[in-house]
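The residues making up each chain are set out below.
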Amino acid sequence: MNFATRKLIFALLIVSLYPLSLFARPYVLVLSQDDLLNTPTSPDDSPPADSTQNDSPEWDEFGDSGSPQSEEELDPGSWRPIFEPDPFRPDPANNPDERYYSTVSKLIKSVSSGDTTLMDDAVSEIEESASRGLPHARSVLGFLYATGQMRKQNKAKAFTYHYFASEGGNMQSKMALAYTYFRQDMFDKAVKLYSELAEAAVNSFLISKDSPVIEPVRIHNGAEENKEALRKSRGEEDEDFQILEYQAQKGNSAAMYKIGLFYYFGLRGLRRDHAKALSWFLKALEKGEPRAMELLGEIYARGAGVERNYTKALEWLTLAAKQELYSAYNGIGYLYVKGYGVEKKNYTKAKEYFEKAAENEDAGGHYNLGVMYLKGIGVKRDVKIACKYFIVAANAGQPKAFYQLGKMFHTGVGLKKNLPRATVLYKLVAERGPWNSLSRWALESYLKGDMGKAFFLYSRMAELGYEVAQSNAAWILDKYGERSMCIGESGFCTDAERHQRAHSLWWQASEQGNEHAALLIGDAYYYGQGTERDYERAAEAYKHARTQSNAQAMFNLGYMHEHGQGLPLDLHLAKRYYDQALEIDPAAKLPVTLALTSLWIRKNYADGFLVHVIDSLPEVYPKVEEWVDNVLLEEGNATILTLFVCLLTVLYLRERQRRHAVAAPGGMAVPHHPNEHVAPAPL
């Protein structure tokens, strides 16, 4: 499957909507009737309502009854001990893994300080550990070879190291391999890896309902820093959080509840702290905040910061349900389907509670009903109904629903087998796995002004296939230049290495639908930054950004048609693109007006003096911009600006007078009215 086809799948299958919150991105899942597979069912597929015949080892969709797996178990080799150290860890001298962490700490310290000697020592130690077969060291070495840090970039070596690291259990190398296969449309290989990663991610979710997924925060919104998102990610240092905390301390129950949520889910740049969350929820409850009951039920069901107690969980969830907190019904249904805190399993009651939750638009209720119909748990097995519930849950942002639909596309059960679609869905879930913690540590580093560490961590995530990390890393390179502490083959990156790396990162982000990245790729080809100047490839990139309704890309395409650069000289098409840019973004009124004026001049005075002035602007503009900054804006010399405008006006009038004199030797010249020429002839 070629690149265009893969992007079509993205467009048809999943449409990303700009989120109201930076912490959760909703998706719209579109399936046609052709995707559904008519799977016959027999009466034997439908067990008695309270039968336990479906208690097979594979039945874990409603949660694991044992202790939740730790992040170390789900993500071996995670860098968590470095960024969130545990004082009770064993002595590094007696533990090869601890020596590995010591070396990675040295590596991260070197990119933070810019000490290339320290980095070279760390990389040598990692090579030595990799040669002894340590999978996690091989994973880091694969990353360094892939990006060309202190070693010559070598994709083959990077792949080899990641392959053996993956075989040794390193999940981040598995992510890197899956993304490599995905980019090459090798879906048979990509889907296998992403399915394993997605399963690990699902196992890391909460058992009664999923926690909000902390997606990587986009530190820029195009050409500028995303100050609002960054402000809301400063945790306890954020002024709004401090005001909220003050209100909570003064007895505001809603503020208490909200702070409890922040600590429980790790929102707004806060580290998860179940003890603080529990404390705030109890205080909120004492002040009459009923919403805390539901979370207390979940806390006891999960054993988050307290001893797990399903009886207490049921009590709190029942109280919450009486307050019409409908997602509590989903939690109660979970307890009945597992037989926790109740006399025995009861699928009939579980279904009733799931239905109550679903009727009130709870995504968990829809998901769990889908599981019951998919597996035939207490109901007659019906894959079509299961699909309906899963789609509703997926469109509400339920990651487990994406996982189930991915499995159906992967195995051809309920949906026609479609490996590309299965891969896309698995990838969405896999990116919510515990290795996503890298994004939090990268953001914390960025907010502290440690660009070297932030860039290093975003680069690691970028290799794993995270689009936001790809664009963040590229933006740091472009925005901060040498301050990015970009490390090349031998020491700091040269300008060429930095441009090339930024170009590669923007290109990967562009492949995954980032319109700003596509725009910057076009700029890189247009101006020859980090690559050879190529107007035709620039036009292709701008067209890709245009398909995502990017006003700047449309304006650029209009400019290229106006000047015949990489596209046919066509003033009519140029005007069409300019008009479309204005339709999409009203803020483009001034540049579009100037561009249309330029078109009018070019159409009516094709060989005139002003056309030559307009054509020279791309070369003159940087010098004029510097002059305006240094002379006009710095000195506030409005007189010079006025004289400059007057001079242009005089030159224009003299040119117009000269043309009229030439055009009317035998009679009076008829003046042209600008409005007569703005609109081109119909195509």
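The structure this text deals with has already been given above.
Below or above, wherever it landed, is the structure these notes cover. Just so it is clear, the model here is predicted, and its values are computed rather than measured.

## Let's talk about the overall build of the protein
1) Next: Regarding its fold elements, the protein presents 32 helices and two strands.
2) Next: Restricting to contacts in the protein with at least 6 residues of sequence separation, those with at least 24 account for 59%.
3) Next: In the structure as shown, the protein presents an accessible area of about 32600 Å², 52% of it carried by carbon and sulfur atoms.

## A closer look at the state of the cysteines
1) Next: This structure, assessed with the given rule, holds one disulfide.
2) Next: In this model Cys-486 forms its disulfide with Cys-493; the gap between the sulfur atoms is 2.0 Å. With the S-S dihedral at roughly -55°, the linkage between Cys-486 and Cys-493 falls on the left-handed side.
3) Next: Judged by its relative accessible area of 3%, Cys-486 is buried.
4) Next: Given a relative accessible area of 9%, Cys-493 falls into the buried group.

## Description of the packing of helix α18 (residues 363-375) against helix α20 (residues 399-411)
1) Next: The interhelical angle for the contact between α18 and α20, taken along N-to-C directions, is 30°, at an axis separation of 10 Å. By the angle between their directions, the pair α18 and α20 is classed as roughly parallel. The crossing of α18 and α20 is left-handed. Counting all contacts with α18, which are made through Tyr-367, Val-371 and Leu-374, the residues of α20 involved are Lys-400, Ala-401, Gln-404 and Met-408.
2) Next: Across the contact of α18 with α20, the residue classes tally to five nonpolar, one polar and one charged.

## Examining the packing of aromatic side chains
1) Next: Applying the stated criterion across every chain yields a total of 27 aromatic pairs.
2) Next: Aromatic pair Phe-159 and Tyr-181: ring centres 6.0 Å apart, planes at 80°, arrangement edge-to-face. Of the two residues, Phe-159 sits in helix α7 (residues 155-167) while Tyr-181 sits in helix α8 (residues 171-183), which places them 22 residues apart along the sequence.
3) Next: For Phe-159, a relative accessible area of 31% puts it in the partly exposed group.
4) Next: Measuring from ring centre to ring centre gives 4.9 Å for Tyr-264 and Phe-265, while their planes differ by 65°; the resulting arrangement is edge-to-face.
5) Next: Taking relative accessible area as the criterion, Tyr-264 reaches 1% and is therefore assigned buried.

## Considerations on unusual backbone geometry
1) Next: A positive phi angle is found at Asp-185, which is not glycine, with a value near 60°.
2) Next: Topologically, Asp-185 is positioned in the loop between α8 and α9 (187-203).
3) Next: Taking relative accessible area as the criterion, Asp-185 reaches 16% and is therefore assigned buried.
4) Next: Positioned with a positive phi, Glu-324 is a non-glycine residue whose angle comes to about 65°.
5) Next: On the secondary structure map, Glu-324 appears in the loop between α15 (310-322) and α16 (327-338).

## Some words on the environment of Asp-523
1) Next: Inspection of the secondary structure assignment puts Asp-523 in helix α26 (residues 515-527).
2) Next: Measuring from C-alpha to C-alpha, the distance between Asp-523 and Arg-533 comes to 9.5 Å, with 10 residues separating the pair along the chain.
3) Next: Those residues in contact with Asp-523 that lie beyond four places of it in its chain are Gly-528, Tyr-542 and Asn-556.

## A few points about the packing of α8 against helix α21 (residues 419-430)
1) Next: Here α8 crosses α21 at 150°, and the two axes come no closer than 12 Å. Classified by the angle their axes make, α8 and α21 are roughly antiparallel. The chirality of how α8 crosses α21 is left-handed. Judged by residue contacts, Met-175, Tyr-179 and Phe-182 of α8 engage Thr-423, Val-424, Lys-427 and Ala-430 from α21.
2) Next: When grouped by side-chain class, the residues that make up the contact of α8 with α21 number five nonpolar, one polar and one charged.

## Things to note about α9
Since there are 3.6 residues in each turn of an α-helix, residues three or four apart along the chain are aligned in direction.
1) Next: The end-to-end C-alpha separation of α9 is 23 Å, in line with the 24 Å expected for 17 residues at 1.5 Å each.
2) Next: Turning to α9, its buried residues are Phe-187, Ala-190, Val-191, Leu-193, Tyr-194, Ser-195, Leu-197, Ala-198, Ala-200, Ala-201 and Val-202.

## Side note on the nonpolar core
1) Next: Counting 185 residues, the largest nonpolar core has Trp-79, Tyr-194, Phe-281, Tyr-446 and Tyr-458 as the members making the most contacts within it.
2) Next: Among the elements that take part in this core, α9 stands out by supplying 10 residues, more than any other.
3) Next: Beyond its immediate chain neighbours, meaning those up to four positions away, Trp-79 contacts Tyr-100, Tyr-101, Val-104, Ile-108, Val-140, Leu-438, Trp-441, Phe-456, Leu-457 and Arg-460.

## Some words on the environment of His-503
1) Next: For His-503, the location among the structural elements is in helix α25 (residues 495-511).
2) Next: In contact with His-503, other than residues within four places in its own chain, are Ile-521, Ala-524, Tyr-525 and Thr-531.

## Concerning the side chain of Glu-431
1) Next: By secondary structure assignment, the location of Glu-431 is in the loop between α21 and α22 (437-447).
2) Next: Exposure remark for Glu-431: the relative accessible area of 16% places this residue in the buried category.
3) Next: Those residues in contact with Glu-431, other than ones at most four positions away along the chain, are Met-175, Asn-436, Gly-465 and Tyr-466.

## Some thoughts on the pattern of salt bridges
1) Next: Evaluation of the coordinates by the stated rule reveals 25 salt bridges.
2) Next: Beyond isolated ion pairs, a larger network of salt bridges with shared partners links Glu-228, Arg-231, Lys-232, Asp-238, Asp-240 and Arg-268.

## Concerning a nonpolar patch on the surface
1) Next: A contiguous nonpolar patch, built from Phe-159, Tyr-163 and Phe-164 and spanning about 270 Å² of accessible area, is present on the exposed surface.
2) Next: Along the chain, Phe-164 turns up in helix α7.

## Points about α7
1) Next: Between its terminal C-alpha atoms α7 stretches 18 Å, which fits the 18 Å expected from 13 residues at 1.5 Å a residue.
2) Next: Every buried residue of α7 is listed here: Ala-158, His-162, Ala-165 and Ser-166. Projected down its long axis, α7 shows its buried positions confined to an angular sector of 100°, all on one face. Facing away from the buried side of α7 by over 90 degrees, the exposed positions are Ala-156 and Glu-167.
3) Next: Buried residues belonging to α7 abut α6 (135-147), α8 and α23 (451-463).
4) Next: Where α7 starts, the residue carrying a side-chain oxygen 3.1 Å from the main-chain nitrogen of Ala-156 turns out to be Asn-154.
5) Next: Positive backbone phi, at 105°, marks Gly-169, one or two positions downstream of α7.

Analysis parameters
Residues numbered from 1 in each chain as written. Predicted model: local features only at pLDDT ≥ 70, side-chain atom pairs only at ≥ 80, totals over all residues. Heavy atoms only, no water. Helix = DSSP H or I, 4+ residues; strand = E, 2+ residues; numbered from the N terminus. Contact = heavy atoms within 4.5 Å. Areas by Shrake-Rupley, 256 points an atom, 1.4 Å probe, with all protein chains shown as cover. Disulfide = S-S within 2.5 Å. Buried < 20%, exposed > 50% of the residue type's maximum accessible area, 1.4 Å probe, protein only. Axes fitted to C-alpha atoms, helices over the stretch in contact; angles between N-to-C directions. Parallel < 35°, antiparallel > 145°, perpendicular 65-115°, else oblique. Left-handed = near helix turned anticlockwise from the far one by under 90°. Nonpolar A, V, L, I, M, F, W, Y, C, P; charged D, E, K, R; others polar. Phe/Tyr/Trp six-rings, centres within 6.5 Å; stacked < 30°, edge-to-face > 60°. Expected span 1.5 Å × (residues − 1). Core = buried A, V, L, I, M, F, W, Y, C linked by side-chain atoms within 4.5 Å. Salt bridge = Lys/Arg side-chain N within 4 Å of Asp/Glu carboxyl O. Patch = residues over 30% accessible without salt bridge, like charges linked within 9 Å, V, L, I, M, F, W, Y side chains within 5 Å. Arc of directions from axis to C-beta. Polar contact = N/O pair within 3.5 Å; in protein donor to acceptor, adjacent residues only side chain to side chain.

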